[in-house]
Amino acid sequence: MSLVATVAGAPVAVDEVDAREARLRSGPCAARWPASGTSEGRQLRRWLTQLIVTERVVAVEAAARGLGAADAPTEAEVLPDVTARLELGSIAAAALADPLARALFADVTAAVQISDAEVADYHARNPLRFAQRRPGRDGWCTPTVSAPPLERVRPVINEHLLGAARRRAFRIWLDARRAALVRLAPGYEHPGDPRQPDNTHRH
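Description of the structure in this document. All residue numbers refer to position in the chain's written sequence, counted from 1. Only residues with pLDDT of at least 70 are given local features in this predicted model, and only at 80 or more are side-chain atom pairs given and counted; all residues enter the totals for whole chains, interfaces and linings. Calculation of side-chain values draws on the structure's entire complement of heavy atoms; hydrogens and water are dropped beforehand.

1. Let's talk about the sheet that holds strand E1 (residues 3–7)
Within a sheet, adjacent strands bond to each other through the backbone by hydrogen bonds, running parallel or antiparallel.
Then comes step 1: Here the rule is simple: two strands pair whenever DSSP picks up at least two bridges between them. Here a strand is any run of E in DSSP of at least two residues, a helix any run of H or I of at least four, and the numbering for each starts at the N terminus. One open sheet accounts for three strands, arranged E2-E1-E5; its pairing is antiparallel. The strands lining the two open edges of the sheet, one partner per strand, are strand E2 (10–13) and strand E5 (182–184). Averaged over all adjacent pairs, the angle separating strand axes in this sheet is 20°, with direction ignored. To obtain an axis, a line is fitted to C-alpha atoms, over the contacting stretch when the element is a helix, and the angle between two such axes runs from 0 to 180 degrees between their N-to-C directions.

Following this line, the structure appears as structure tokens:
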């Protein structure tokens, strides 16, 4: 059996990546994927490998913590917008489509907190960030020029900062667990690994 990786010693077969790629290429968005055998096509397979091993890490860690999908927050709670997905990265964000991964997210980040001082400091630096827009002429809204008092926007600032802090904590935790549990075969390195020949990101 040809392997792309092991996760906690368990093999991940090339066949699993092949099957995942075949599903993408036969789906409704087939035209958007790069051609097989090209540099971009190999990068797609590396990305799929990263997603598969991340899903395996999630399963291992969730089992160790006794978690199930019933413990999961909704996807909108964990990933409320595009910015949240960018903060986590495409692989972690894709993995969080699974309720089990979201249950793990909630467990890993349960102790994350935001202090009153952090909320006040954020408001001082971004006084208009959560100011309500005023209705203007012809249905357009006009920007607010005066900052709302801190106490009025404290809950929304706290929610905003807490979400970002939880995503950061989960990303750091997940990176550490993947480093500890995952061993990748040559040719299936992370798409952004500068040592692999198809990485085109240059500084």
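After that view, the rundown keeps rolling.
2. What to know about the side chain of Arg20
Then comes step 1: Mapped onto the secondary structure, Arg20 falls in helix H1 (residues 14–25).
Then comes step 2: Three exposure classes are used, based on accessible area relative to the maximum for each residue type with a 1.4 Å probe and protein chains only: buried under 20%, partly exposed in between, and exposed over 50%. Residue class for Arg20 comes out buried when judged on its relative accessible area of 16%.
Then comes step 3: Setting aside anything within four residues of it in sequence, one finds Arg20 in contact with Leu48, Leu51, Ile52 and Glu55. Contacts were defined at the residue level, with two residues in contact if any of their heavy atoms lie within 4.5 Å.

3. Some points on the layout of surface pockets
Then comes step 1: For cavity detection a 1 Å grid was placed over the protein atoms alone, and a set of points counts as a cavity when a 1.4 Å probe fits there but cannot get out; an open set counts as a pocket when protein lies on both sides within 12 Å along at least five of seven lines, with lining residues being those that have an atom within 4 Å of a point. Grid points are joined across faces, edges and corners, and a volume is the space filled by probe spheres set on the points. Its volume calculated, the largest pocket comes out at about 510 Å³.
Then comes step 2: Lining the largest pocket are 21 residues, with Glu77, Pro80, Glu159, Gly163 and Arg167 sitting closest to its centre.
Then comes step 3: Those elements that provide at least two residues to the lining of the largest pocket are helix H3 (75–78), helix H4 (82–88), helix H6 (99–108) and helix H8 (150–181).

4. Description of the packing of helix H2 (residues 39–65) against H8
Then comes step 1: It is at 10 Å that the axes of H2 and H8 come closest, and there the two elements cross at 100°. Classed by the angle they form, the pair H2 and H8 counts as roughly perpendicular. Across from Thr54, Val57, Val60, Glu61 and Arg65 in H2, the residues of H8 making contact are Trp173, Leu174, Arg177, Arg178 and Leu181.
Then comes step 2: Gly is placed with the polar residues, together with every amino acid not listed as nonpolar (Ala, Val, Leu, Ile, Met, Phe, Trp, Tyr, Cys and Pro) or charged (Asp, Glu, Lys and Arg). Classifying every residue of the contact of H2 with H8 by side-chain character gives five nonpolar, one polar and four charged. Orientation categories follow fixed angle ranges, with anything under 35 degrees roughly parallel, anything over 145 roughly antiparallel, 65 to 115 roughly perpendicular, and all other angles oblique.

5. So, the packing of aromatic side chains
Then comes step 1: The pairing test for Phe, Tyr and Trp rings, Trp by its six-membered ring, is centres within 6.5 Å, and the orientation test on the planes gives stacked under 30 degrees, edge-to-face over 60, and tilted for anything in between. A full pass over the atoms with the stated rule returns three aromatic pairs.
Then comes step 2: When the ring of Phe105 is compared with that of Phe170, the centres are 5.1 Å apart and the planes differ by 55°; the resulting orientation is tilted. Of this pair, Phe105 sits in helix H6 while Phe170 sits in helix H8, placing them 65 residues apart in sequence.
Then comes step 3: Residue classification places Phe105 among the buried positions, given a relative accessible area of 6%.
Then comes step 4: Centroid distance Phe170 to Trp173: 5.8 Å. Interplanar angle 25°. Geometry classified as stacked. Within this pair, Phe170 and its partner Trp173 are both found in helix H8, separated by three residues, close to a single helical turn. Across the pair, exposure class does not vary: Phe170 and Trp173 are buried alike.
Then comes step 5: An aromatic cluster is built from Phe105, Phe170 and Trp173, whose rings are joined through pairwise contacts.

6. Some words on the pairing of E2
Then comes step 1: For E1 and E2, the ladder comprises four bridges, and the chain directions are antiparallel. What sits directly across from Thr6, in E2, is Pro11.
Then comes step 2: In this structure, the hairpin formed by E1 and E2 is closed by a connection of two residues, where Ala8 is found at a positive phi of approximately 55°.

7. A short note on the environment of Gly68
Then comes step 1: Tracing the sequence through the fold places Gly68 in the loop between H2 and H3.
Then comes step 2: Residues Gly68 and Cys141, 73 residues apart in the sequence, show an inter-C-alpha distance of 44 Å.
Then comes step 3: Contact partners of Gly68, with chain neighbours within four places excluded, come to Leu100 and Ala103.

8. As for the nonpolar core
Then comes step 1: Counting residues in hydrophobic clusters, the biggest one holds 32 residues, and the most contacted among them are Val4, Val12, Leu79, Leu96, Leu104 and Phe170.
Then comes step 2: Among the elements that take part in this core, H2 stands out by supplying seven residues, more than any other.
Then comes step 3: If you look at the next biggest cluster of nonpolar residues, it comprises nine residues, including Ile114, Val119, Tyr122 and Val153. Only buried residues count toward a nonpolar core. Its members are Ala, Val, Leu, Ile, Met, Phe, Trp, Tyr and Cys residues joined through side-chain atoms within 4.5 Å.

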